[in-house]
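Structure assessment
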Amino acid sequence: MTMKQNRHSDNQVFKMSLEAVPHSNSGLLDDDGRVKRTGNVWTASAHIITAVIGSGVLSLAWAIAQLGWVAGPAIMIMFSAVTYFTSSLLADCYRSGDPVTGKRNYTYMDAVRSNLGGLQVKICGLNQYINLFGVAIGYTIAASISMTAIKRSNCFHASNDQDSCHISSIPYMIIFSVVEIIFSQIPDFDQISWLSIVAAVMSFTYSTIGLGLGIAYTAENGRIKGSLTGVSISGAVTEAKKIWWTFQALGDIAFAYSYSMILIEIQDTVKSPPSEAKTMKRATLISVAVTTIFYMLCGCMGYAAFGDSSPGNLLTGFGFYNPYWLLDIANAAIVVHLIGAYQVYCQPLFAFIEKVAYSTFPDSTFITKEVKIPIPGYKLYNLSLFRLVWRTLFVITTTVISMLLPFFNDVVGLLGALGFWPLTVYYPVEMYIKLKKIPKWTNKWIGLQILSVTCLVLSIAAAVGSVAGVVLDLKTYKPFKTSY
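All residue numbers here refer to positions counted from 1 along the written sequence of the relevant chain. pLDDT decides what is reported in this predicted model: residues at 70 or higher carry local features, side-chain atom pairs at 80 or more are listed and counted, and totals for whole chains, interfaces and linings draw on all residues regardless. To get the side-chain values, all heavy atoms of the structure are used, and hydrogens and water are removed first.

**A look at the state of the cysteines**
By convention in this document, the label disulfide applies to cysteine sulfur atom pairs within 2.5 Å. Evaluation of the coordinates by the stated rule reveals zero disulfides. Of the cysteine sulfurs around cysteine 300, a residue in no disulfide, the closest is that of cysteine 298, at 9.7 Å.

**Focus: the nonpolar core**
The definition of a nonpolar core used throughout is a set of buried Ala, Val, Leu, Ile, Met, Phe, Trp, Tyr and Cys residues joined through side-chain atoms within 4.5 Å. Burial classes follow relative accessibility: with a 1.4 Å probe on protein chains only, a residue under 20% of its type's maximum area counts as buried, one over 50% as exposed, and anything between as partly exposed. Grouped together as the largest cluster of nonpolar side chains are 112 residues, with contacts concentrated most on Ile253, Tyr345 and Phe394. Once residues lying within four places of it in the same chain are set aside, the contact partners of isoleucine 253 are Leu60, Ala63, Leu67, Ile75, Met76 and Phe79. By size, the runner-up hydrophobic cluster in this structure holds six residues, among which are Ile141, Ile145, Ile170 and Met173. Contacts: residue pairs with any heavy atoms within 4.5 Å of one another.

**Topic: unusual backbone geometry**
Trans peptide bonds make up most of the peptide bonds, and negative phi angles are found at most residues other than glycine. The phi torsion at lysine 437 lies on the positive side, around 55°, for a residue other than glycine. Taking relative accessible area as the criterion, lysine 437 reaches 68% and is therefore assigned exposed. In this structure, tryptophan 441 is a non-glycine residue whose phi angle is positive, near 65°. Relative to the helices and strands, tryptophan 441 resides in the loop between α14 (408–435) and α15 (443–474). A residue is classified by how much of its surface remains accessible, and tryptophan 441, at 65% relative accessible area, is exposed. Put simply, DSSP H or I for four residues or longer makes a helix, DSSP E for two residues or longer makes a strand, and each gets a number counted from the N terminus.

**Some thoughts on the environment of proline 311**
Tracing the sequence through the fold places proline 311 in the loop between α10 (276–306) and α11 (324–360). Owing to a relative accessible area of 15%, proline 311 belongs among the buried residues under this scheme. Proline 311 sits 252 residues away from serine 59 along the chain, and the two C-alpha atoms are 7.5 Å apart.

**Structural notes on helix α3 (residues 60–91)**
An ideal rise of 1.5 Å per residue puts 46 Å on 32 residues; α3 reaches only 27 Å between its terminal C-alpha atoms. Across the chain, bend at a residue is computed as the angle between axes fitted to the seven residues ending at that point and the seven starting from it. At glycine 68, α3 shows its maximal bend, which comes to roughly 130°. In terms of burial, α3 is largely enclosed, as 23 of its 32 residues are buried. Given the number of residues in a helix, its expected span is that number minus one, multiplied by 1.5 Å.

**Observations regarding helix α4 (residues 108–115)**
Where burial is concerned, most of α4 is hidden: six out of the eight residues are buried. Residue glycine 117 follows α4 closely and has a positive phi angle near 65°.

**Concerning the packing of aromatic side chains**
Aromatic ring pairs: the centre-centre distance and the angle between the two ring planes describe each pair. When the centres of two rings from Phe, Tyr and Trp lie within 6.5 Å, Trp using its six-membered ring, the rings pair. Their planes under 30 degrees apart give stacked, over 60 give edge-to-face, and anything left gives tilted. On inspection of all chains with the given rule, the structure shows 13 aromatic pairs. Centroid distance phenylalanine 133 to phenylalanine 394: 5.6 Å. Interplanar angle 75°. Geometry classified as edge-to-face. Linking phenylalanine 133 in helix α5 (residues 119–158) with phenylalanine 394 in helix α13 (residues 385–404), this pair joins segments that are 261 residues apart in sequence. In this structure phenylalanine 394 comes out as buried when scored by relative accessible area, which is 5%. Relative to tyrosine 427, the ring of tyrosine 426 lies with its centre 5.0 Å away and its plane at 75°, an arrangement referred to as edge-to-face. Just as tyrosine 426 is buried, tyrosine 427 falls in that class too.

**A closer look at the environment of cysteine 300**
The residue cysteine 300 is located in helix α10 in this model. Residue class for cysteine 300 comes out buried when judged on its relative accessible area of 14%. Through-space distance from the C-alpha of cysteine 300 to that of glycine 72 is 8.6 Å; in sequence the pair is 228 residues apart. For cysteine 300, the contacting residues outside a window of four places in its chain are Ile64, Trp69, Pro73 and Tyr295.

**Quick word on the side chain of serine 87**
Relative to the helices and strands, serine 87 is located in helix α3. Residue serine 87 is classed as buried on the basis of its relative accessible area of 0%. Within the structure, the side chain of serine 87 is placed 2.6 Å from the backbone oxygen of threonine 83, a separation counted as a polar contact. For serine 87, the residues in contact, after removing those within four places along its chain, are Tyr259, Ser260, Leu263 and Thr284. Two N or O atoms count as a polar contact when they lie within 3.5 Å, although within protein this holds only if one can serve as hydrogen donor and the other as acceptor, and sequence-adjacent residues are included solely when both atoms are side-chain atoms.

Structure representation (structure tokens):
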């Protein structure tokens, strides 16, 4: 979807959809008059895997350590099942009315507007875009941690382990932000498929390295560490800390499966036939199955290797120099993956703000004017001054906040808690009930409501645990002085 198409829309704030423009039958256009979509089950799977297998995988060993061998894997499987089920419900909401020929909903908010309407749209939009903004912060923190880990491992190696090699993460956050400013100039979601594929490959790379090192350390230990109930209450771990960490672990796992807020946008890149919902359900099944296998292996093997002392970031537990080159590769893969994942999450937010700006100031040349710049070996690039300025300011803002709150585990847990119930469970369930006209108090209706309430309780517990973690970290934190 190009910006020129958006330019003439008359959307209001929190109204993102564009009316379909009637066109004559053409093999180059879809039924809504837009350029024919080319996505398939594999590109959709790549987008999902890029969004799902993110930095969250690195905290899963820590999460399982808080829950233990019984509850840890069980809760992870539960979250994966809930995510797949509610994502399938959400996929049915892409078209209103007929699942094949009904009106398309281009975004998550469009789907909420078509099925629920009213105040729900504004609440959903606020929640969705705050969550996307938060993910950008979380990914900036995670990328800087991986870049500092590379620098530290090389420092250890060069000094023969004599130097403590404490390094500030601030310069690396700035480097990451500069890269994101460049990639943020890609106009829209449909043009970043290649970036998603590269990022998906990178996610498998570092996950596989983490898994392999976990297996190697477990074999070296000669036993599987950990316990049935997780971290034990002792002098350093009070009963209150155990409770907070257990709740925070729920948020970490929820974050690891959070991608519903961009599912409709991904679905809007898929061609038909077959129906977009059918393709998306297949992509969701493939993606959730693959990620769950990886999550279980990485989380469980990490816990088996480190037991109660499992680190918040799995790769930091293996030391910085042995084998330092393998850890460098893993951390570099994380950085490349997060560059792509940042864009996958932020493109819907970029599109929303730009649509609102076009509709609010349709006569502003600063907002609507595009300058065509020839790129050798590539087609003309349409440079928008508004896009350049506002997206740059967005990246700078997320970077500054990352410098102020560089608490990876706490931020991940809080994002998972805030986004999981409303965006992954509540809205998909409510929209599906409305779309399929499911009567109240029927078995199906009751079952869906029980699912929603249960996930709400888990999300509240996770949010409380994560906020408690931030409060504890702030007691010893100095702004802009973070080092590893």
